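As a plain string of letters, each chain reads:
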Amino acid sequence: MGKKGKKEKKGRGAEKTAAKMEKKVSKRSRKEEEDLEALIAHFQTLDAKRTQTVEIPCPPPSPRLNASLSVHPEKDELILFGGEYFNGQKTFLYNELYVYNIRKDTWTKVDIPSPPPRRCAHQAVVVPQGGGQLWVFGGEFASPNGEQFYHYKDLWVLHLATKTWEQVKSTGGPSGRSGHRMVAWKRQLILFGGFHESTRDYIYYNDVYAFNLDTFTWSKLSPSGTGPTPRSGCQMSVTPQGGIVVYGGYSKQRVKKDVDKGTRHSDMFLLKPEDGREDKWVWTRMNPSGVKPTPRSGFSVAMAPNHQTLFFGGVCDEEEEESLSGEFFNDLYFYDATRNRWFEGQLKGPKSEKKKRRQGRKEEPEGGSKPACGGAGTQGPVQVVKEVVAEDGTVVTIKQVLAAPGSVGQPRSEDEDSLEEAGSPAPGPCPRSNAMLAVKHGMLYVYGGMFEAGDRQVTLSDLHCLDLHRMEAWKALVEMDPETQEWLEETDSEEDSEEVEGAEGGVDDDDSGEESGAGD
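Scoring rules and cut-offs
- Residues numbered from 1 in each chain as written.
- Predicted model: local features only at pLDDT ≥ 70, side-chain atom pairs only at ≥ 80, totals over all residues.
- Heavy atoms only, no water.
- Helix = DSSP H or I, 4+ residues; strand = E, 2+ residues; numbered from the N terminus.
- Buried < 20%, exposed > 50% of the residue type's maximum accessible area, 1.4 Å probe, protein only.
- Contact = heavy atoms within 4.5 Å.
- Areas by Shrake-Rupley, 256 points an atom, 1.4 Å probe, with all protein chains shown as cover.
- Pairing = 2+ DSSP bridges.
- Axes fitted to C-alpha atoms, helices over the stretch in contact; angles between N-to-C directions.
- Polar contact = N/O pair within 3.5 Å; in protein donor to acceptor, adjacent residues only side chain to side chain.
- Salt bridge = Lys/Arg side-chain N within 4 Å of Asp/Glu carboxyl O.
- Phe/Tyr/Trp six-rings, centres within 6.5 Å; stacked < 30°, edge-to-face > 60°.
- Lys NZ or Arg CZ within 6 Å of the ring centre and 35° of its normal.
- Patch = residues over 30% accessible without salt bridge, like charges linked within 9 Å, V, L, I, M, F, W, Y side chains within 5 Å.
- Lys, Arg positive; Asp, Glu negative; His and termini not counted.
- Charge placed at Lys NZ, Arg CZ, Asp CG, Glu CD.

Student: Can you explain the overall build of the chain? Please cite residues and give values.
Tutor: A count of helices and strands for the chain gives five helices and 32 strands. Counting across all 520 residues of the chain, residues that qualify as buried make up 51%. In the chain, of all internal contacts separated by at least 6 residues, the share reaching a separation of at least 24 is 60%. A total of about 25400 Å² of accessible surface is found on the chain, and carbon and sulfur atoms cover 47% of it.

Student: For unusual backbone geometry, give the residues involved together with the corresponding values.
Tutor: The phi dihedral of Asn306 falls on the positive side, at around 60°, and the residue is not glycine. Counting through the fold element by element, Asn306 comes out in the loop between strand S23 (300-303) and strand S24 (309-319). The exposure class assigned to Asn306 is exposed, which follows from its relative accessible area of 66%. One non-glycine residue, Asn434, lies in the positive phi region at around 55°. Along the chain, Asn434 falls in the loop between helix H3 (416-420) and strand S29 (436-440). Among the residues examined, Asn434 registers a relative accessible area of 23% and is labelled partly exposed.

Student: If you had to explain the sheet that holds strand S17 (residues 217-221) to someone new, which residues and values would you point to?
Tutor: Taken in spatial order, the four strands of this open sheet run S14-S15-S16-S17, and their pairing is antiparallel. Strands at the two margins of the open sheet, each flanked by one partner only, are strand S14 (181-185) and S17. For this sheet, the mean angle separating the axes of adjacent strands, direction not counted, is 25°. Pairing between S14 and strand S15 (residues 188-197): five bridges, direction antiparallel. Paired with Arg181 across the bridge in S15 is Phe192.

Student: Residues and numbers for the side chain of Arg296, please.
Tutor: With respect to the secondary-structure elements, Arg296 resides in the loop between strand S22 (289-290) and S23. Relative accessible area serves as the criterion here: at 2%, Arg296 is assigned to the buried category. Separated by 2.8 Å, the side chains of Arg296 and Thr294 make a polar contact. Within the structure, the side chain of Arg296 is placed 2.7 Å from the side chain of Asp331, a separation counted as a polar contact.

Student: Go over the sheet that holds strand S21 (residues 277-286), please, and point to the residues and values.
Tutor: With respect to topology, four strands assemble into an open sheet ordered S18-S19-S20-S21, the strand pairing being antiparallel. Of all strands in the sheet, those bounded by a partner on one side alone are strand S18 (235-238) and S21. Looking at each pair of strands side by side, their axes are set apart by 35° on average, direction ignored. By the bridge criterion, four bridges tie S18 to strand S19 (residues 244-256) in an arrangement that is antiparallel. Each residue of the ladder has a partner; that of Met236, found in S19, is Val246.

Student: Which residues make up the pattern of salt bridges, and what values do they have?
Tutor: Tallied over the full model, the rule gives 14 salt bridges. Close ionic contact of Asp154 with Arg119 constitutes a salt bridge, the shortest N to O distance being 2.8 Å. Residue Asp154 is located in the loop between strand S11 (149-151) and strand S12 (155-159), and its partner Arg119 is located in the loop between strand S7 (106-111) and strand S8 (123-127); the two are separated by 35 residues in the primary sequence. Taken as a pair, Asp154 and Arg119 share a single burial class, namely buried. What you see here is one network of salt bridges that share partners, running through Asp201, Arg254 and Asp260.

Student: How would you sum up the packing of aromatic side chains? Please name residues and give values.
Tutor: On inspection of all chains with the given rule, the structure shows 28 aromatic pairs. Both rings, one in Tyr150 and one in Tyr152, keep their centres 5.2 Å apart while their planes meet at 70°; by these two values the pair is edge-to-face. Given a relative accessible area of 17%, Tyr150 falls into the buried group. Clustering of aromatic rings is evident, with ring pairs tying together Trp135, Phe137, Tyr209, Phe211, Phe216 and Trp218. Between Arg119 and the ring centre of Tyr152, over which it is positioned, the NZ or CZ distance is 4.0 Å. Taking NZ or CZ as reference, Arg296 lies 4.0 Å from the ring centre of Phe329, over its face.

Student: I'd like to hear about the environment of Lys49, residue by residue, with values.
Tutor: Turning to its location among the elements, Lys49 is positioned in the loop between helix H1 (2-47) and strand S1 (54-58). A residue is classified by how much of its surface remains accessible, and Lys49, at 61% relative accessible area, is exposed.

Student: Tell me about the environment of Glu77, residues and numbers included.
Tutor: Within the secondary structure, Glu77 is located in strand S3 (residues 77-81). With a relative accessible area of 17%, Glu77 lands in the buried category. C-alpha separation for the pair Glu77 and Trp107, spaced 30 residues apart in sequence, amounts to 9.6 Å. Apart from the residues within four sequence positions on either side, Glu77 is in contact with Ser70, Val71, His72, Val99, Tyr100 and Ile102.

Student: Describe a negative patch on the surface, naming the residues involved and giving the relevant values.
Tutor: A cluster of acidic residues, Glu147, Asp455, Glu489 and Glu490, forms a negative patch at the surface. Positionally, Glu490 belongs in the loop between strand S32 (475-478) and helix H4 (500-504).

Student: Provide a residue-level description of the side chain of His464, including the pertinent values.
Tutor: When you line up the elements, His464 lands in strand S31 (residues 456-467). A distance of 3.1 Å separates a polar atom in the side chain of His464 from a polar atom in the side chain of Asp462. With sequence-adjacent residues up to four places away left out, His464 is seen in contact with Gly428, Pro429, Arg432, Leu444, Tyr445, Val446, Trp474, Lys475, Ala476 and Leu477.

Student: An account of the pairing of S31 is needed here, citing residue identities and associated values.
Tutor: For S31, the tally of buried residues reaches eleven of twelve residues, placing the bulk of the element in the interior. What sits between strand S30 (residues 443-453) and S31 in their antiparallel hairpin is a turn of two residues, with Gly454 showing a positive phi close to 65°. Bridge count for S31 against S32 is three bridges, and the pairing is antiparallel. Across the sheet, the residue bridging to Leu463 is Val478, located in S32.

Student: Please set out the pairing of S7 residue by residue, giving values where relevant.
Tutor: Along S7, five of the six residues are buried, which leaves the element largely enclosed by surrounding structure. Both S1 and S7 contribute to a ladder of five bridges, which runs antiparallel. Looking across to S7, one finds that Val54 is bridged to Asp111. Sheet analysis places strand S6 (residues 97-101) next to S7, joined by four bridges and oriented antiparallel. Bridging across to S7, Asn101 finds its partner in Thr106.

Here it is in structure tokens:
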């Protein structure tokens, strides 16, 4: 009894501390959020000038990360909304809506009156009713200098059949946040976690909310059992058995003044209705078997065929006293909830490549001009190490895993054209974090994201696809050369206040938004 009582007391103490921190964060961030509200209102005034929906065929969207990429429930389309871009000096955010037609391989920019304000790190969930609805909650807006943040707590729905946005106002919902996760569960949206950050403080959440799609009402859930600690950027997916799995994520805590310690979580929990009741939930700790992903943050998630959860990329930051370096990933993992087991996604390589290996590649010299990929007889994945030199002279090493070892780095042959017809051979998407994923008809699509090269952040706009049934090779649908991306060195002058409209206002213009390469 004594130990249990002590534990419960400790738990109540932690809740009080969290409540105090939230109050402290709220007070300090109120002033800066008021400043940003004026800027957001300015952009909404510009958006309000749209009086009708206009669909414009366009080139692929400009580079961005922390956007949402969703699958249309009835059409062969992917829907891209929001996102952010940083050019070294200024942060740009977006509320643009793009539609990618899978069969035609074409992009369309859809300008709809009264859209949600610009944002990134929001959550978007598609449900099939009414011809399809895209529900968007929360996310953040940043000042041009990237030092002030406004966290949204609004809920929007895009009616896909009529191409109209609607803001759904309902009390009792989550506080403003970004980095949260949201899934559709039966006739509800279930939301978990996230964080809120101001200039000096931050708080991470582990609360759970449900939004009823029939009554349009929020309710806060109070699951029993021991659940995840506060975090953002986790994996959240619905299991075939009707539960909700939460895995990993990131959080940080202040260890002393001006010193924060980040944690990459690698634990897994199951949230499910208790005794089949939808008003009573319970958390359970899970211990999956198999080959698990290494701990990381910034990974991306989508639902794969057979109700498996697909896990891609991310970054493992190594925090040192004076610097922060990261190893970026482009590996694939699958979590099978039915078997409670992780699997590493291994590519088989295109058939034409395997045929060439069988027809005597062994006799050819090993390596060619780039011996980094190993011998022709090598089996299994191959690691390629690429060095990128930043403008400041910093050399950053990027490790990339190629699952098909026969093609890259070997001499060209007369059969090489047949290999390219299968799409771009390995390597596929380069290592990255905060990319956007979607799965349609068993095809995985990966768009955008970012990686770092020294002090430079490279934001991506490429699009790759992979047949998850065949697991042979990636195909590049939109390619990008990161070397061509503009990067501006930081300046010491304080020009942000004078350039608010110049930094962000240009994105409102239909043409300049395309040319600038998007937003952060």
